[in-house]
Amino acid sequence: RVMVAMARRNELPPALATVSQRNKSPLAAVVASGIVIMVLVLVGDIRTTWTFSAATVLVYYGLTNLAALRLTATQRAVPIVVPITGLAGCFGLVAFLDAKALVLSSSILLLGWTWQSASRRIWRTTG
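Since we're looking at a predicted model, the values are computed, not measured.

### Things to note about the overall build of the protein chain
Next up, step 1: Helix and strand counts for the protein chain come out as five helices and zero strands.
Next up, step 2: What you see in the protein chain, going N to C, is helices and strands ordered as α-α-α-α-α.
Next up, step 3: With the C-alpha coordinates aligned to their principal axes, the bounding extent of the protein chain is approximately 45 × 40 × 30 Å.
Next up, step 4: Sequence-distant contacts, at least 24 apart, represent 54% of the contacts inside the protein chain between residues at least 6 apart.
Next up, step 5: When the accessible surface of the protein chain is split by element, carbon and sulfur atoms take 70% of a total near 9100 Å².

Given below as structure tokens:
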């Protein structure tokens with residue numbers, strides 16, 4: 001579903017935004033996810049793939065905590081200590097991840113950020 005949302009925002013190829021009318025399933029995005037997972041397993045192993053997943057989730061939550069820190073006091077639903085603690089926890093947990101998977105994760109995230117900066121221009125809709 002993340003790929004579908006990203007494709008709808010022109011961050012991935014538009015074909016990945018397709019959802020089957022018959023069973024409401026995003027088949028293209030599911031297949032693409034499976035291919036990415038297979039490539040990760042082939043590059044490393046299942047542990048590397050699992051650690052990669054953990055690292056990217058920690059980055060995701062870290063970014064969420066950073067976003068929460070940018071909220072004003074009136075916008076914030078929780079005390080500021082919560083996102084500070086969450087961000088510190090994300091950084092702390094990353095220190096326990098396998099170095100090979102961290103290098104792979106960092107490389108893929110850097111590639112993703114580079115892709116994202118170019119993708120909106122590539123798949124920008126004309127209508």
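Still more to cover.
### Overview of unusual backbone geometry
Next up, step 1: The phi dihedral of Lys24 is positive, around 55°, even though this residue is not glycine.
Next up, step 2: Positionally, Lys24 belongs in the loop between helix 1 (2-8) and helix 2 (27-43).
Next up, step 3: Classification of Lys24 as partly exposed rests on a relative accessible area of 49%.

### As for the nonpolar core
Next up, step 1: In this structure, Met3, Val4, Ala7, Leu12, Leu16, Ala17, Ala29 and Ala32 together form the largest nonpolar core, which totals eight residues.
Next up, step 2: The set of elements that each furnish at least two residues to this core consists of helix 1 and helix 2.
Next up, step 3: The element contributing the most residues to this core is helix 1, with three residues.
Next up, step 4: When sequence neighbours within four positions are dropped, the list of residues in contact with Ala17 reads Val4, Ala7 and Arg8.

### So, the packing of aromatic side chains
Next up, step 1: Tallying each qualifying case throughout the model produces one aromatic pair.
Next up, step 2: With 5.2 Å between their ring centres and 65° between their planes, Tyr60 and Tyr61 make a pair best called edge-to-face.
Next up, step 3: We classify Tyr60 as exposed; its relative accessible area is 52%.
Next up, step 4: Of the residues examined, Tyr61 reaches a relative accessible area of 46% and is grouped as partly exposed.

### Looking at the confidence of the model for the protein chain
Next up, step 1: Across the protein chain, the average pLDDT comes to 86, with 94% of residues at or above 70.
Next up, step 2: Within the protein chain, the lowest mean pLDDT, 80, falls on helix 5 (residues 99-122), and the highest, 94, falls on helix 4 (residues 81-94).

### Let's talk about the side chain of Arg76
Next up, step 1: Considering the arrangement of structural elements, one finds Arg76 in the loop between helix 3 (46-69) and helix 4.
Next up, step 2: A distance of 2.6 Å separates the side chain of Arg76 from the backbone oxygen of Leu71, its partner in a polar contact.
Next up, step 3: In this view, Arg76 contacts Ala68, Leu69 and Leu71; residues no more than four positions away in its chain are not counted.

### Re helix 2
Next up, step 1: Between the first and last C-alpha of helix 2 there are 24 Å, a value that for 17 residues agrees with the 24 Å anticipated at 1.5 Å per step.
Next up, step 2: All of the buried residues along helix 2 are Ala29, Ala32 and Leu40. Take helix 2 and look down its axis: the buried residues cluster within an arc of 80°, on one side only. Among the exposed residues of helix 2, those oriented more than 90 degrees off its buried face are Leu27, Met38 and Leu42.

### Section: helix 4
Next up, step 1: With 14 residues, helix 4 should reach 20 Å at 1.5 Å per residue; the first-to-last C-alpha distance of 20 Å fits that figure.
Next up, step 2: Along helix 4, the positions that sit buried rather than exposed are Pro83, Leu87 and Cys90. Looking straight down helix 4, one finds that the buried residues subtend no more than 60° of arc, so they occupy a single side.
Next up, step 3: As for helix 4, its buried residues are in contact with helix 3.

Scoring rules and cut-offs
- Residues numbered from 1 in each chain as written.
- Predicted model: local features only at pLDDT ≥ 70, side-chain atom pairs only at ≥ 80, totals over all residues.
- Heavy atoms only, no water.
- Helix = DSSP H or I, 4+ residues; strand = E, 2+ residues; numbered from the N terminus.
- Contact = heavy atoms within 4.5 Å.
- Areas by Shrake-Rupley, 256 points an atom, 1.4 Å probe, with all protein chains shown as cover.
- Buried < 20%, exposed > 50% of the residue type's maximum accessible area, 1.4 Å probe, protein only.
- Core = buried A, V, L, I, M, F, W, Y, C linked by side-chain atoms within 4.5 Å.
- Phe/Tyr/Trp six-rings, centres within 6.5 Å; stacked < 30°, edge-to-face > 60°.
- pLDDT = per-residue confidence, 0-100.
- Polar contact = N/O pair within 3.5 Å; in protein donor to acceptor, adjacent residues only side chain to side chain.
- Expected span 1.5 Å × (residues − 1).
- Arc of directions from axis to C-beta.

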